[in-house]
Amino acid sequence: MTNFFKNYSMRIIIFSVAMCGLMLELLMSRIADYHIGHFNSYIAIPIALFGLALGSLYVHFKKVDEKNIDLKKQIGIMLIATAGILFLLFLILKLFFPVIGAYNYKNTQLGGLIFLKTLIFIVSFVSIFFLFGRLLTTIYFVGRNEIGKLYSADLTGAALACLLTPFLLHFFNLTNIFFLIFLVLIGLYVLLEDMPQKTKL
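We now turn to the structure provided with this report. (Residues numbered from 1 in each chain as written. Predicted model: local features only at pLDDT ≥ 70, side-chain atom pairs only at ≥ 80, totals over all residues. Heavy atoms only, no water.)

So, the overall build of the protein
Right, on to step 1. Assigned secondary structure in the protein consists of six helices and zero strands.
Right, on to step 2. Along the protein, helices and strands appear, N-terminal first, in the series α-α-α-α-α-α.
Right, on to step 3. Across the 201 residues of the protein, 41% fall into the buried class.
Right, on to step 4. Restricting to contacts in the protein with at least 6 residues of sequence separation, those with at least 24 account for 85%.
Right, on to step 5. Approximately 11300 Å² of the protein is accessible, and the part contributed by carbon and sulfur atoms is 67%. (Helix = DSSP H or I, 4+ residues; strand = E, 2+ residues; numbered from the N terminus. Buried < 20%, exposed > 50% of the residue type's maximum accessible area, 1.4 Å probe, protein only. Contact = heavy atoms within 4.5 Å. Areas by Shrake-Rupley, 256 points an atom, 1.4 Å probe, with all protein chains shown as cover.)

Re a nonpolar patch on the surface
Right, on to step 1. On the surface, F87, L88, L91, L95 and F96 cluster together into a nonpolar patch covering about 560 Å² of accessible area.
Right, on to step 2. Structurally, the position occupied by L95 is in helix α3 (residues 71–96).
Right, on to step 3. Note on L95: relative accessible area 57%, which makes it exposed. (Patch = residues over 30% accessible without salt bridge, like charges linked within 9 Å, V, L, I, M, F, W, Y side chains within 5 Å. Salt bridge = Lys/Arg side-chain N within 4 Å of Asp/Glu carboxyl O.)

Considerations on the pattern of salt bridges
Right, on to step 1. Per the stated rule, a full pass over the model turns up one salt bridge.
Right, on to step 2. Across the pair E146 and K149 runs a salt bridge whose closest N-O atoms are separated by 3.7 Å.
Right, on to step 3. Owing to a relative accessible area of 32%, E146 belongs among the partly exposed residues under this scheme.

Description of the side chain of T137
Right, on to step 1. Mapped onto the fold, T137 is located in helix α4 (residues 111–142).
Right, on to step 2. When near neighbours in sequence (up to four residues on either side) are disregarded, T137 contacts S56, V59 and H60.

Things to note about the packing of aromatic side chains
Right, on to step 1. Evaluated as defined, the whole model comprises four aromatic pairs.
Right, on to step 2. A centroid spacing of 4.9 Å and a plane angle of 45° characterise the contact between F121 and F125, whose relative ring orientation is tilted. Here the residue F121 and the residue F125 both occupy positions in helix α4, the gap between them amounting to four residues, near one helical turn.
Right, on to step 3. Of the residues examined, F121 reaches a relative accessible area of 0% and is grouped as buried.
Right, on to step 4. Using a relative accessible area of 0% as the deciding quantity, one classes F125 as buried.
Right, on to step 5. Judged by centre distance (5.9 Å) and plane angle (35°), the rings of F129 and F132 are tilted. Residue F129 and its partner F132 are located together in helix α4, separated by three residues, close to a single helical turn. Considered together, F129 and F132 belong to a single accessibility category, that of buried residues. (Phe/Tyr/Trp six-rings, centres within 6.5 Å; stacked < 30°, edge-to-face > 60°.)

The structure is reproduced here in structure tokens:
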């Protein structure tokens, strides 16, 4: 691990996680537009906020022992769970449901399918953002004495995602952008291998 990462690891972690989380949220709106109809594309925002809130509440209500916090383990769990949930979600949507965007959403015959498909979509992404929210809140808990620096890194990562994602969508498909998100998180996981217990924020 480089000295730079050792010195600023907490800020780099929260910057990367915030950037990847918001990129995922923006991609979710595209996926919703295709799979559950353009009239539901707005759903990405409440899903992401609800999932993040649940993750945050989990950390706040669970008695966390700072000595037992393992950020690398949390990132690893988030990586594996996110990849698994997305794989199962797309597999289920492809095998068992029609593409709602190709139909008239007022078609009453699709009512039950739309409801079930939307429910599966919501539960899947809420679960993913729960993990993001848990990790972000844990980082804020560990670095609570330097909250301003962490919040600045969080906002900077989110802002970069807002600037970067629209450009990426012009040149790459969703699969490539998902790959980029996972590549960043995997790189973060690898860099955490030798992270010291006490780091400069």
